[in-house]
Amino acid sequence: MNGKRIYADNAATTKLAPAVLEAMTPYLTEVYGNPSSLYSVGAEAKKAIELAREDIAEVFGAAPSEIFFTSGGSEADNWAIKGIAEVMEKKGKKHIISSKFEHHAVLHTLDALEKKGFEITLLDVHENGIVRPEELEAAIREDTALVTIMYANNEIGTIQPISEIGAICKKHNVIFHTDAVQAVGNVPINVKEQNIDLMSLTAHKFHGPKGCGALYVRRGLRPEILINGGAQERGRRAGTENVPGIIGLAAALKLAVSTMEERSKRLTELRDYLIDELLKIERSRLNGDRVQRLPGNINMCFEGIEGESLLLRLDLNGVCASSGSACTSGSLDPSHVLLSIGLPHEIAHGSLRLSFSDETTREDVEYIAECIPPIIKTLRDMSPLWERIKENEKKGNE
Ligand SMILES: *Cc1c(COP(=O)(O)O)cnc(C)c1O
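About the cut-offs
Residues numbered from 1 in each chain as written. Predicted model: local features only at pLDDT ≥ 70, side-chain atom pairs only at ≥ 80, totals over all residues. Heavy atoms only, no water. Helix = DSSP H or I, 4+ residues; strand = E, 2+ residues; numbered from the N terminus. Buried < 20%, exposed > 50% of the residue type's maximum accessible area, 1.4 Å probe, protein only. Pairing = 2+ DSSP bridges. Axes fitted to C-alpha atoms, helices over the stretch in contact; angles between N-to-C directions. Contact = heavy atoms within 4.5 Å. Core = buried A, V, L, I, M, F, W, Y, C linked by side-chain atoms within 4.5 Å. Salt bridge = Lys/Arg side-chain N within 4 Å of Asp/Glu carboxyl O.

1. A short note on unusual backbone geometry
Peptide bonds are mostly trans, and most non-glycine residues show a negative phi.
(1) Moving on: Even without glycine at this site, Glu-233 takes up a positive phi of about 50 degrees.
(2) Moving on: Within the secondary structure layout, Glu-233 lies in helix H7 (residues 232-235).
(3) Moving on: Judged by its relative accessible area of 6%, Glu-233 falls in the buried class.
(4) Moving on: Backbone geometry places Arg-234, a non-glycine residue, at a positive phi of 55 degrees.
(5) Moving on: Along the chain, Arg-234 falls in helix H7.

Shown next, in the form of structure tokens:
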């Protein structure tokens, strides 16, 4: 290895941006007062939080009072879904619609609700990794309490038709939550125009700090209180605020949005170049729609190899990538996302996810394009599975 390190796992987490650290620093040092206190260092922290709330709201076309801070994306998802489920149950509505390839923060929350008597419909995402609005509309019932569909998938990067889904939910008077963790900072979002009722986000996916996120809750909706205690977050989510985290969240969001257009254009080009290069490898495939996907996301399968072995060898070459979700690494089960788009188990095992950021350069991508083919060749030369694939190919040709 030549001492190079290329971080291509930005869908798992991102590096804190220096400007964000700078914005946070005073709140880790001098401005340490409790925002609920009356003396000036407390009041200063309180004021900074409220300014951050205004900045965040403005990005999404929301009102500041509609933004609630959480510890991240998982908490926001849990709160939105359980909080609305609890309220709607009292109105006799116990049916929830979601999709098969949501993040586990959503799917496992739905499992928990199912055990409590809720009925869950998980929509298909088809081969392109996209939910079909007409199938969603057909699944809506009298007793549907909530629709929760992610904005962009964290493994295959496919972007969902959120505006259409929002319009359908509005028409049928059903509450709509979206896990927008992967989309925020990468695609323009307006909660009012898109009829989004609740939306989860987290700072560490767009160069902010870990451990701080937010839930947008449309005015008039009142999900059940998540954490009982003090009066923070309008009495709905108690606990002394993560002041530096909140300041970092707002700073990172503003930065991500101000550079979005240019980054999106640049990363789309790099992405498409690398996809073309990797598709030259025999028996490779791109997972998820080629166009309706995040600018910096590539997810490919290479038949006859194990994703893990590919990752280890990429690491030896200085490239940090993943086989899908950070949450399932370490488990031997193939990704539920790849299974949901119809891949058979043996192919789903050979997946690679590369996810880019502002820091990714043309040079990095060219280096990755050079690295991968010889690694795949080496792994296939050792693979009994690959041998079988080639034998079957020959038989088919005879
Ligand atoms: C990362 C991620 C989450 C979890 O966010 P945390 O802040 O790590 O809890 C939820 N949903 C999606 C789509 C994600 O990519």
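2. A short note on the sheet that holds strand E10 (residues 297-302)
(1) Moving on: Reading across the sheet, the three strands line up as E9-E10-E12 and stay open at both edges, with antiparallel pairing between neighbours. Taken across any chain shown, the strands that pair with only one partner, and hence form the sheet edges, are strand E9 (284-286) and strand E12 (351-355). Sheet twist, expressed as the average angle between the axes of neighbouring strands with direction ignored, equals 25 degrees.
(2) Moving on: The sheet contacts of helix H9 (residues 260-279) involve E9, E10 and E12, and relative to E10 the element is tilted by about 5 degrees.

3. Structural notes on the nonpolar core
(1) Moving on: If you look at the biggest cluster of nonpolar residues, it comprises 67 residues, and the most contacted ones within it are Phe-60, Val-147, Tyr-151, Ile-189, Met-199 and Leu-249.
(2) Moving on: Counting residues per element, this core draws most heavily on helix H8 (residues 243-258), at nine residues.
(3) Moving on: Counting 30 residues, the second largest nonpolar core, distinct from the first, contains Leu-278, Ile-281, Ala-321 and Ile-376.

4. Quick word on the pattern of salt bridges
(1) Moving on: Applying the stated rule across the entire model yields 26 salt bridges.
(2) Moving on: Salt-bridge contacts for Glu-359 lead to Lys-15; the nearest nitrogen and oxygen are separated by 3.5 Å. In this pair, Glu-359 sits in the loop between E12 and helix H13 (362-381) while Lys-15 sits in the loop between strand E1 (6-7) and helix H1 (18-28), placing the two residues 344 residues apart along the sequence.
(3) Moving on: For Glu-359, a relative accessible area of 47% translates into the label partly exposed.
(4) Moving on: Between Arg-237 and Glu-75 there is a salt bridge, with the nearest N and O atoms lying 2.7 Å from each other. Note that Arg-237 is positioned in the loop between H7 and H8 and Glu-75 in helix H3 (residues 73-89), a separation of 162 residues in sequence. Like Glu-75, Arg-237 is buried.
(5) Moving on: Salt bridges sharing partners connect three or more residues here, namely Glu-282, Arg-283, Glu-303, Lys-390 and Glu-393.

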